[in-house]
Structure formats: structure tokens, C-alpha cells
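# Descriptive structure summary
Below, each chain spelled out in residue letters.
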Amino acid sequence: MSKTYDIIILGAGPAGLAAGLYGGRARLSTLIIEKGQDGGQIATTSEIENYPGGVDHESGKSLIDRMAKQVVQFGAERVSDTVLEVKLDGKIKEVKCVKATYQAKAVIIATGAHPRPIGCEGESDFVGKGVSYCATCDAAFFEELPVYVVGGGDSALEEAMFCANFAREVTIVHRRDEFTAAKSIQEKVKKHPKVKLMLSHQIVKLEGDGILTSMIVKDLKTGKEKRIEASEDDGTFGVFGFVGFVPHTELFVDKIALENGYVKTCENMKTNVDGVFAAGDVRAKSLRQVITAAADGAIAAVQAEHYINK
């Protein structure tokens, strides 16, 4: 622990990398700690169409690779390590990892979140090949194809209506016999000409050869199962899971304020602890996209600079 950094950033997704870029560009000694692959969720996305200024046929990996290169160019340091414990009170923050313990004047939490899986057999085999957890990201790829949306809350029904802008038809699959979404949203869904309901049903298995082509759905009232197959003309269909997200905030329980498991911040990315900021999907927020994560990271780094200068 010979060095005390200005900023330590936890996570190297779009939020963490953007924070690292702004921190390095401000000539702050900046360290990014990431235990796995750069990019988080976006690293597995095969094509990104909605990032302003992106190149043609942009993939999540290509975008993240460019971000990571910029971060290094502006002087931020990188380390691959797993965080075990954090001490966030006091003027000097401490991050204990497997390989070493690091200190900094400010910490930016950018540990992200992951979609809660649908929970059926074969699901992981078809992520990005028929299975998605983001309608804003992927609905356009299923234009004029059937789409199945799993979930019964506000987000599931809202995303189903968004998918209906592209899909030939949308079927909402929900385990219960009624939705938990707000009544106003339910009324809109039930009136939508392209949306169908499959209540008291559960997807139990997804199948295909490299791409999703069929699934088995179980009627939870009768126990009977049926196979749904893509038509020969379609070749595939989409399954969108909207059963919630799981934020990576286990390390911060009882150390900073959380809201439904997410880090609670103000619009300037400040948490309730001085010198601690949060950015990206780990925050309690309304939209989780690459562009909002990058914006969060930039704001967090600038606010950390202001905090340090004071």
C-alpha cells in the first residue's frame, strides 16, 4: 500500500471505463479494478445499433476494446483482481483484494448488474442467439418475427409493447394467472392488437442448433407441456426475459445507502458517503444502456475530481 490513488474505480464496464477516461484525462492518479472481462453485460452483445457515433456492425466487444484503449492512453492504471472488502469511511478509502490492498481519496462504484435469468433449461446457450434481456437493445433484430416476453411486472409489459413495434406478434408468458404490473399498463397491453397473453405458463426448455428454433412451455394449472417451433419461413423467434436485475452490491451492504439493492445516488452520482460515487447499472435509475452508463461514469469522475480538490 505504498501508493494512495486519487480515484479507485470498481468495475470496467462502460461506466467504469468512462470514469477512468475522465479521471486520467484530468491528470488524477486513477486505478480501475476488474476481476473478469471488460465490458460487463455489453461484452456479449453481438451488435450495437443505438450508441451515437458507433461504427457499422459495432459489437459490444469492439466498442469496449476502444474504450479500454482510450483509458490506458489517458494514463489510468489497470489491475485484474477480486475485491474482498471495502472500507469507505474516512478521508482515505481502502479496497482489499485477493492480490493486494489499495487506497484512494475517492471511490467510484461501477460494479454493474446482471439480468435475473428466466430459469429454464438451455437459456444460457441462446443468449444473443434468440434470448435477450433488453428490448431497447435487441427488439429491432426480431422485426416481423414472433417474440415471447417473460414476466408480469411493469417493465415486462412495457417492454412487450416496445417489442410490438417490431415483432409480428408478441406473447407475454407469465407464471401467475394475473400480472403484478400497474392496472393502467395492463389495460394498454390487453387492448394492444399485436400482444397475446399466456398466463399460468412457464418456459421450461429452449432448443436449437446454434440459434433458437423451438421451446417447451408448461401449463402450470394442468401440468401439460407443449412444444412451440419457429416456422420454416421465420427460422427463429425471440425470447425476452424481464424478471428483474441483480445488482452487484453485496460488498456495500450496511456501508452505503441502497434502494432495492441498487446504490442510491443523486444526479451527480454522489452516494450518502463523502468521496464515494456510483455509476452505471449498479445505480437506482430508470434506463440501463451503454450511453447512460458512460454518462454516469463521466459525471462521477468529474464530481470525484471536485471532491478531491476541495
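All values reported here derive from a predicted model rather than from experimental measurement.

### So, the side chain of aspartate 38
For aspartate 38, the position within the fold is in the loop between strand E2 (30-34) and helix H2 (60-73). Only 2.7 Å separates the side chain of aspartate 38 from the side chain of arginine 78, close enough to count as a polar contact. Those residues in contact with aspartate 38 that lie beyond four places of it in its chain are Ala12, Ala43, Ile64, Ala68 and Arg78.

### Here we look at the packing of aromatic side chains
In total, this model carries five aromatic pairs according to the counting rule given. Summarising the aromatic geometry, the rings of phenylalanine 277 and tyrosine 307 are spaced 6.4 Å apart at their centres and angled 70° between planes, so their arrangement reads as edge-to-face. Here tyrosine 307 lies in helix H6 (residues 290-309) and phenylalanine 277 lies in strand E19 (residues 276-278), a separation of 30 residues in the sequence. For phenylalanine 277, a relative accessible area of 3% gives the class buried. Each member of the aromatic cluster is reached from another via a ring pair, and the members are Phe142, Phe240 and Phe242.

### With respect to the sheet that holds strand E15 (residues 238-241)
Spatial strand order, E8-E15-E9-E10-E11: five strands in an open sheet with parallel pairing. Every interior strand has two partners, whereas the edge strands, strand E8 (131-132) and strand E11 (195-199), have only one. Both strand E9 (residues 146-150) and E15 contribute to a ladder of four bridges, which runs parallel. Bridge pairing in E15 places valine 149 opposite phenylalanine 240. Contacts from helix H4 (residues 154-163) reach E9, strand E10 (169-174) and E15, with the element oriented near 170° to E9.

### Let's talk about unusual backbone geometry
Although it is not a glycine, glutamate 144 adopts a positive phi angle of roughly 60°. Position of glutamate 144 among the secondary structure elements: in the loop between helix H3 (135-138) and E9. Assessed through its relative accessible area of 48%, glutamate 144 is described here as partly exposed. If you check the backbone angles, methionine 269 has positive phi at about 70° while not being a glycine. One can find methionine 269 in the loop between strand E18 (262-263) and E19.

### Section: the nonpolar core
Membership of the largest hydrophobic core comes to 28 residues, with the highest contact counts inside it found for Ile7, Ile9, Leu17 and Ile108. It is H6 that provides the largest number of residues to this core, a total of six residues. Other than its neighbours up to four places away in sequence, isoleucine 9 contacts Gly16, Ala19, Gly20, Thr30, Leu31, Ile32, Ile33, Ile108 and Ala110.

### Side note on the state of the cysteines
The term disulfide refers to a covalent linkage connecting the sulfur atoms of a pair of cysteines. Tallied over the entire structure, the rule returns one disulfide. Residue cysteine 134 pairs covalently with cysteine 137 via a disulfide, S to S 2.2 Å. Its S-S torsion of approximately 70° makes the covalent link between cysteine 134 and cysteine 137 right-handed.

### Describing H2
Between its first and last C-alpha atoms H2 spans 20 Å; for 14 residues at 1.5 Å apiece the expected length is 20 Å, and the two agree. The set of residues buried in H2 consists of Gly60, Leu63, Ile64, Met67, Ala68 and Val71. The buried residues of H2 occupy an angular sector of 135° when projected down its axis, which confines them to one face. Along H2, the residues that are exposed and aim more than 90 degrees away from the buried face are Lys69 and Gln73. On its buried face, H2 is in contact with helix H1 (14-25), E2, strand E3 (77-80) and H6. Phi for glycine 75, located one or two positions after H2, is positive at around 95°.

### Notes on the pairing of strand E5 (residues 93-97)
Residues Lys93, Val95 and Cys97 line the buried face of E5, whereas the alternating positions Glu94 and Lys96 sit on a face that is not buried. Across four bridges, the pairing between strand E4 (residues 83-87) and E5 is antiparallel. Across the sheet, residue glutamate 85 finds its bridge partner in E5, namely lysine 96. Here E4 folds back onto E5, and the loop between the two strands holds five residues, one of which, glycine 90, carries a positive phi near 90°. Taken together, the four bridges between E5 and strand E6 (residues 101-109) define a ladder with antiparallel strand orientation. By the bridge assignment for E6, lysine 96 is matched with threonine 101.

### Focus: the layout of surface pockets
Its volume calculated, the second largest pocket comes out at about 330 Å³. Along the walls of the second largest pocket sit 18 residues, with Gly151, Gly152, His174, Arg175 and Val243 positioned nearest its centre. Secondary structure elements with two or more residues in the lining of the second largest pocket: E10 and strand E12 (201-208). When residues of the lining of the second largest pocket are assigned to their parent elements, the largest contribution, three residues, is made by E12. Here the residues of the lining of the second largest pocket are counted per class, giving seven nonpolar, nine polar and two charged.

### A short note on the packing of H1 against H6
It is at 7 Å that the axes of H1 and H6 come closest, and there the two elements cross at 35°. Here H1 runs over H6; the crossing is right-handed. Residues Pro14, Ala15, Ala18, Ala19, Tyr22 and Gly23 of H1 touch H6, and the partners they reach there are Val290, Ala293, Ala294, Gly297, Ala298, Ala301 and Val302. Class assignment of the residues belonging to the contact of H1 with H6 gives a composition of eleven nonpolar, two polar and no charged.

What counts as what
Residues numbered from 1 in each chain as written. Predicted model: local features only at pLDDT ≥ 70, side-chain atom pairs only at ≥ 80, totals over all residues. Heavy atoms only, no water. Helix = DSSP H or I, 4+ residues; strand = E, 2+ residues; numbered from the N terminus. Polar contact = N/O pair within 3.5 Å; in protein donor to acceptor, adjacent residues only side chain to side chain. Contact = heavy atoms within 4.5 Å. Phe/Tyr/Trp six-rings, centres within 6.5 Å; stacked < 30°, edge-to-face > 60°. Buried < 20%, exposed > 50% of the residue type's maximum accessible area, 1.4 Å probe, protein only. Pairing = 2+ DSSP bridges. Axes fitted to C-alpha atoms, helices over the stretch in contact; angles between N-to-C directions. Core = buried A, V, L, I, M, F, W, Y, C linked by side-chain atoms within 4.5 Å. Disulfide = S-S within 2.5 Å. Expected span 1.5 Å × (residues − 1). Arc of directions from axis to C-beta. 1 Å grid on protein atoms, 1.4 Å probe; cavity = no way out; pocket = protein on both sides within 12 Å on 5 of 7 lines; lining within 4 Å. Points joined across faces, edges and corners; volume = space filled by probe spheres on them. Nonpolar A, V, L, I, M, F, W, Y, C, P; charged D, E, K, R; others polar. Left-handed = near helix turned anticlockwise from the far one by under 90°.

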